[in-house]
Amino acid sequence: MLRHLLTTVRHRTIHPHRCYRSASYKHPKTPTPPAPPKPPKAPQKPQSFTFHDVTWEDPYSWMSSLQDKVAMRHMDIYMEQEEKYTEAVMSDTERLQIKLQSEMASRLNFDLSTPPLRWGPWLYYRRVEEGKQYPVLCRRLVSLNDQFISNKSPAAGFDFNSGKRIEQKLLDYNQEAERFGDAAKDGQMVDSHYLLRCPVNSPFNPKTWENVFLDDQDLIIEDADFSNSHLVLITRKGRDFGICSVALPLPVGKQAVHLREFQPNFLPLPKHVCKISPGPNYDYYSTIMRFTISSPVMPDAVVDYDLSNGKWNIIQQQNMLHERTRILYGTALSSSIAEKSTTVKLSAMNDVKSEDDNLWNDLSEFYACEHYDVSSHHGAMVPLTIIYSRKNRKVNQSPGVLHGHGAYGEVLDKRWRSELKSLLDRGWVVAYADVRGGGGGGRKWHHDGRRTKKENSIRDYISCAKYLVEKEIVQENKLAGWGYSAGGLLVASAINCCPELFRAAVLKVPFLDATNTLLYPILPLTAVDYEEFGYPGDIEDFHAIRKYSPYDNIQKDVLYPAVLNSETLGSKKTSRFGVWEAAKWVARVREQTIYDPKHPILLNLMTDIVEENRYLQCKESALETAFLIKAMES
């Protein structure tokens, strides 16, 4: 009886199921992917301009009419639409952005102060105030520091026990920076530092001052410092930096000679140094001098050199392998740092290296740094630096990003940046093009990339981009551009010339509407800005501006790369160029070029709070990195 019931149940449950599958079952339909968001369309209000008998029309000039309340209301609505569009396009990268932000935040250097340096009863240090570009020189008594509850946070400068401020602010470099200008020698502008001396009893007589060194085009003096026993020089020979010491006093009555005749001793340095900055060497009678050493493959190292015996100690450096910062406070060497101390034999050669490069926390074991010279317009050889992960890079299959600036004679910042580690570890190549208009090649190199010769900067950048692809350093159609401020002009102009060369680009607070900004400056410009980009009143400069201005040279009916245009609202640091420049450029690119949702043109708006908060900076960097990754994978 029980067997009969079980058989009946099986029959009734299984047989209908078989009939259902064979007669009625249908595979579920694949869901239709959502339509890509459509970009906002800015209103056009054409206005004509004429200058030097040249007439042009600008349909988006209303965006810069700050006194027109109606126009500004339209601008607010348009900015909201752009913000929503950017969020919609990047919505599928939210998980990636969170992961990237977490990676970048974990690498933050939590120290905003230099290690305190003791001089007499005082501890001296420099710290960075929130939102400021340059540090502030401060000091406090050693006796108070020992009891200071916040000794790990010099920026606080406040004793919570006594309720008193124990910090003395001595010098604000943000104020001093406004007083700096170019140095002149014999009434002529020079490319580097030079050294003069005179008898002690007649320092105010110009005729008694004489050169110490003969001019040497190969070995350039970048900076100098003194103690009672040594003269220390920061030198550069081509790409190679060095620190050398010369014993004092110098021979009396000797005419100017080449530096090598003083038998300089070059101090040890890690590989691939790209910048050396002197530290707060206040004690004139100390044999120890402090410097900050920078490299593309090494976090900045604050190093103390003992000129008497060749010992050197890393006083402060972020250890990227353990994602932490090592810092020394007070005057005694901690055991962990003392163990890293090493002695080297000083040499008269400029290529002195330590006996063990690992002592520098150099990351070259994991990340390669290579240098190339790229042939460009008029036979110029443009320095190109590339960095990549030895483990994750795939030959001719790696995406890459090319950085450039090329303005104001400033050397392109190639220091190690922890946020780039997220790209490097994903197999990307990070490249830096030292184009004309920037620094590093002397005054001629700067002048060959400004005003009527600005086009040289753009050609140099394009030459470096083509070199990366042709030499299979970066995979074809997987190269991105990256430019900040004047570097944004460089990258945007290169895109106008060769849009097919780039897959994506990130433009941060870029200078895009050169013609209108230089002709009708809404925000204050300085003489330096006009010297750099040209005086519109000069007809040759005007035509050069019209030729390189990114906003005025957008190609029609051509597919442009994906571009993320990041603008900062209300920023004091980037006050030269208004947010309307980026808004106008984005609107005109969408209007004139071929629309492709896989090549979005985005406008990302930030507030100046982002610039003052390192965690929000991580968020913005994560967005930019996610944008680049998305553009390469689309």
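Residues numbered from 1 in each chain as written. Predicted model: local features only at pLDDT ≥ 70, side-chain atom pairs only at ≥ 80, totals over all residues. Heavy atoms only, no water.

For the protein, the name recorded in an unreviewed UniProt entry is Prolyl endopeptidase, with Corchorus olitorius as its organism. Taken verbatim from the UniProt record of the protein, the Function (unreviewed entry) comment is "Serine peptidase whose precise substrate specificity remains unclear. Does not cleave peptides after a arginine or lysine residue. Regulates trans-Golgi network morphology and sorting by regulating the membrane binding of the AP-1 complex. May play a role in the regulation of synaptic vesicle exocytosis." (UniProt positions renumbered as here; feature names shortened; annotations may be inferred.)

> Is there a simple way to explain the overall build of the protein in this structure?
What the protein contains, in helices and strands, is 16 helices and 30 strands. The buried share of the protein, taken over its 634 residues, is 49%. Counted over contacts in the protein with a minimum sequence separation of 6, partners at least 24 positions apart contribute 65%. Counting only carbon and sulfur atoms, one obtains 52% of the accessible surface of the protein, whose full area is about 32400 Å². (Helix = DSSP H or I, 4+ residues; strand = E, 2+ residues; numbered from the N terminus. Buried < 20%, exposed > 50% of the residue type's maximum accessible area, 1.4 Å probe, protein only. Contact = heavy atoms within 4.5 Å. Areas by Shrake-Rupley, 256 points an atom, 1.4 Å probe, with all protein chains shown as cover.)

> What's the story with the sheet that holds strand β14 (residues 230-237) in this structure? I'm lost.
Whenever strands of a sheet pair, they do so through backbone hydrogen bonds, lying parallel or antiparallel. The strand order β13-β14-β15-β16 describes an open sheet built from 4 strands, whose pairing is antiparallel. The open sheet is flanked by β13 (220-226) and β16 (265-266), the only strands paired with a single partner. Of the strand pairs in this sheet, β14 and strand β15 (residues 240-247) are connected by 8 bridges, and their pairing is antiparallel. In the strand pairing of β15, Thr235 is matched with Gly242. (Pairing = 2+ DSSP bridges.)

> Got a minute to help me understand the sheet that holds strand β4 (residues 122-127) in this structure?
The strand order β3-β4-β5-β8 describes an open sheet built from 4 strands, whose pairing is antiparallel. Single-partner strands in this sheet number two, and they are β3 (117-119) and β8 (168-172). Strand-to-strand twist in this sheet, taken as the mean axis angle between neighbours without regard to direction, amounts to 30°. Relative to strand β5 (residues 136-141), β4 is paired through 6 bridges, and the arrangement is antiparallel. (Axes fitted to C-alpha atoms, helices over the stretch in contact; angles between N-to-C directions.)

> What should I look at first to understand the pattern of salt bridges in this one?
Side chains that differ in sign of charge can pair as their charged atoms come close. Enumeration over the complete set of coordinates arrives at 25 salt bridges. A salt bridge links Arg290 to Asp304, with the shortest nitrogen-to-oxygen separation between them at 2.7 Å. Highlighted residues: Arg290 in strand β18 (residues 288-295) and Asp304 in strand β19 (residues 298-306), separated in sequence by 14 residues. Under the relative-accessibility criterion, Arg290 is labelled buried at 6%. A salt bridge links Glu531 to Arg450, with the shortest nitrogen-to-oxygen separation between them at 3.3 Å. Within this pair, whereas Glu531 is found in helix α12 (residues 527-533), its partner Arg450 is found in the loop between α8 (442-447) and α9 (454-470), the two being separated by 81 residues in sequence. Exposure remark for Arg450: the relative accessible area of 16% places this residue in the buried category. Connected through shared salt-bridge partners, Arg450, Arg451, Glu531 and Asp541 make up one network. (Salt bridge = Lys/Arg side-chain N within 4 Å of Asp/Glu carboxyl O.)

> Just to check I follow, could you spell out the side chain of Asp362 for this structure?
Along the chain, Asp362 falls in the loop between β22 (342-343) and β23 (367-375). Within the buried core, Asp362 has no salt-bridge partner, and the shortest N-O distance to an opposite charge, that of Lys271, equals 6.0 Å. In terms of polar contacts, Asp362 uses its side chain to reach the backbone amide nitrogen of Ser364, at 2.8 Å. (Lys, Arg positive; Asp, Glu negative; His and termini not counted. Polar contact = N/O pair within 3.5 Å; in protein donor to acceptor, adjacent residues only side chain to side chain.)

> How should I be thinking about the side chain of Glu167 in this particular structure?
Note on placement: Glu167 falls in the loop between β7 (164-165) and β8. Within polar-contact distance, the side chain of Glu167 engages the side chain of Tyr125 at 2.7 Å. A distance of 2.7 Å separates polar atoms of two side chains, one belonging to Glu167 and the other to Arg127.

> Hey, could you run me through the nonpolar core in this one?
Most often, soluble globular proteins have nonpolar side chains that are buried together. In this structure, Met63, Leu384, Leu402, Tyr461, Leu468 and Trp585 are the most contacted members of the largest nonpolar core, which totals 71 residues. When sequence neighbours within four positions are dropped, the list of residues in contact with Trp585 reads Ala492, Leu507, Leu512, Pro550, Tyr551, Ile554, Val563, Asn565 and Ile601. Counting 36 residues, the second largest nonpolar core, distinct from the first, contains Cys369, Leu412, Leu423 and Leu623. (Core = buried A, V, L, I, M, F, W, Y, C linked by side-chain atoms within 4.5 Å.)

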